[in-house]
Amino acid sequence: MSVTAAQGFRAAGVTAGLKPSGRPDVALVVNDGPQRSAAAVFTSNRVEAAPVTWSRETVRDGRLDAVILNSGGANACTGAPGFLDTHRTAEVVAETLAISSADVAVCSTGLIGERLPMERLLAGVDLAAAQLATSGGRDAATAIMTTDTVAKEARVDGAGFTVGGMAKGAGMLAPALATMLVVVTTDAEVEPGDLSTVLSEATAVSFDRIDSDGCQSTNDTVLLLASGASGIRPSREELAAAVTACCADLARQLIADAEGANHDIAIEIRSAATESDALLVARAIARNNLFKCAIFGNDPNWGRVVAAVGTTAAEFDPALLDVEVNGVQVCRGCGVGEDRALVDLTPREVHVVVDLHAGEESATVWTNDLTHDYVHENSAYST
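The structure presented is a predicted model; accordingly, all values stated were derived computationally and were not measured. (Residues numbered from 1 in each chain as written. Predicted model: local features only at pLDDT ≥ 70, side-chain atom pairs only at ≥ 80, totals over all residues. Heavy atoms only, no water.)

In the structure shown here, the tally under the stated rule is 20 salt bridges. Between Glu-349 and Arg-252 there is a salt bridge, with the nearest N and O atoms lying 2.9 Å from each other. With Glu-349 in strand E14 (residues 349-355) and Arg-252 in helix H6 (residues 236-256), this pair connects stretches of sequence that are 97 residues apart. Here Arg-252 falls in the partly exposed class, since its relative accessible area comes to 26%. With a closest N to O distance of 3.2 Å, Asp-264 and Arg-348 form a salt bridge. With Asp-264 in strand E10 (residues 264-272) and Arg-348 in the loop between strand E13 (335-336) and E14, the pair connects residues that are 84 residues apart, well separated along the chain. Of the residues examined, Asp-264 reaches a relative accessible area of 3% and is grouped as buried. Look at Arg-348 and you get partly exposed, because its relative accessible area is 33%. Several salt bridges share partner residues, and in doing so they unite Arg-63, Asp-65 and Asp-103 into one network. (Salt bridge = Lys/Arg side-chain N within 4 Å of Asp/Glu carboxyl O. Helix = DSSP H or I, 4+ residues; strand = E, 2+ residues; numbered from the N terminus. Buried < 20%, exposed > 50% of the residue type's maximum accessible area, 1.4 Å probe, protein only.)

Before going further, it helps to examine the environment of Ser-227. Within the secondary structure, Ser-227 sits in the loop between strand E9 (221-226) and H6. On the basis of relative accessible area, Ser-227 is assigned to the buried category, the value being 0%. C-alpha of Ser-227 to C-alpha of Ala-11: the two residues are 216 residues apart in sequence and 14 Å apart in space. The residues contacting Ser-227, other than those within four sequence positions of it, are Gln-7, Gly-8, Phe-9, Asn-31, Gly-33, Pro-34, Gln-35, Thr-186, Asp-187 and Ala-188. A distance of 2.7 Å separates the side chain of Ser-227 from the backbone oxygen of Gln-7, its partner in a polar contact. (Contact = heavy atoms within 4.5 Å. Polar contact = N/O pair within 3.5 Å; in protein donor to acceptor, adjacent residues only side chain to side chain.)

Now the structure itself:
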């Protein structure tokens, strides 16, 4: 269950000394082929990290041979010197593996605004290359962790082909994408154009629908690599289903590990006029700190839900709003429904349903509660 679950991939995760903790901090994933198709989706933040700028160009031709990833530093807002660091990293990977640097994606995560210690990072590249193995997926997933408490991996088996993946992220989770580095691999035979379509469709209903805190990163990167090593060419629909399932699994793991969270909250919007309306309403609730604090306190305060709905431009009649919390319809027709004391908020998962009675579209966004631990974690992040 890892980024090396699919045939044709090797990975490694090593300690290069980028983190003061001494934990693993450099990961390398290599596609051994015979096919080396690739697709990517990146942050929409206009302030993007140097590795994002580099990787956008490397994947433009639909090919990647390797991905080098580091935690312990984002290499964002580091100017021209930071971009040269990214370029040099790709060159060293290429020299070590006898490939082209134009086929090496670079991903970084960590604190913004500081240069990476290149001597340590490049030594880590050599160490990771020496340890590449088909069993190295878990080590790679561990090496990209920052405030994550667990490594995040997923595997989905199709009809003769496999999709596997790893992800990191535990805070700053907000569309588009989240604070994440994700590498998904498959041994299916697929052309780059189809791979790009499949990835865009998958991220739209997985990573783009988690929203921990409304904060968007500078480094978000989701890569999809295909080796063709299975010799199986599934239909685009079959591949899309498997990739989407893998991405959805990883996205849920990201929310489940959100910094200090006690609850994972599914916000489901029903009967919206359009899907975009449903997403607009879901995200307004997901980013409402009063609502998130209420869930942390096990308080089914549905007033905070309808108040958030009312801030949007979505089409609905306020007099028709219904709200359910964990199966109890606490609000009916924007008025009092069943006794809110009937709602049990002790389980980890919370399901909030808002019915707009405005159409036939729906959408679900996952978020988490706002806790003391979240505030503590992010108040001391750079120190």
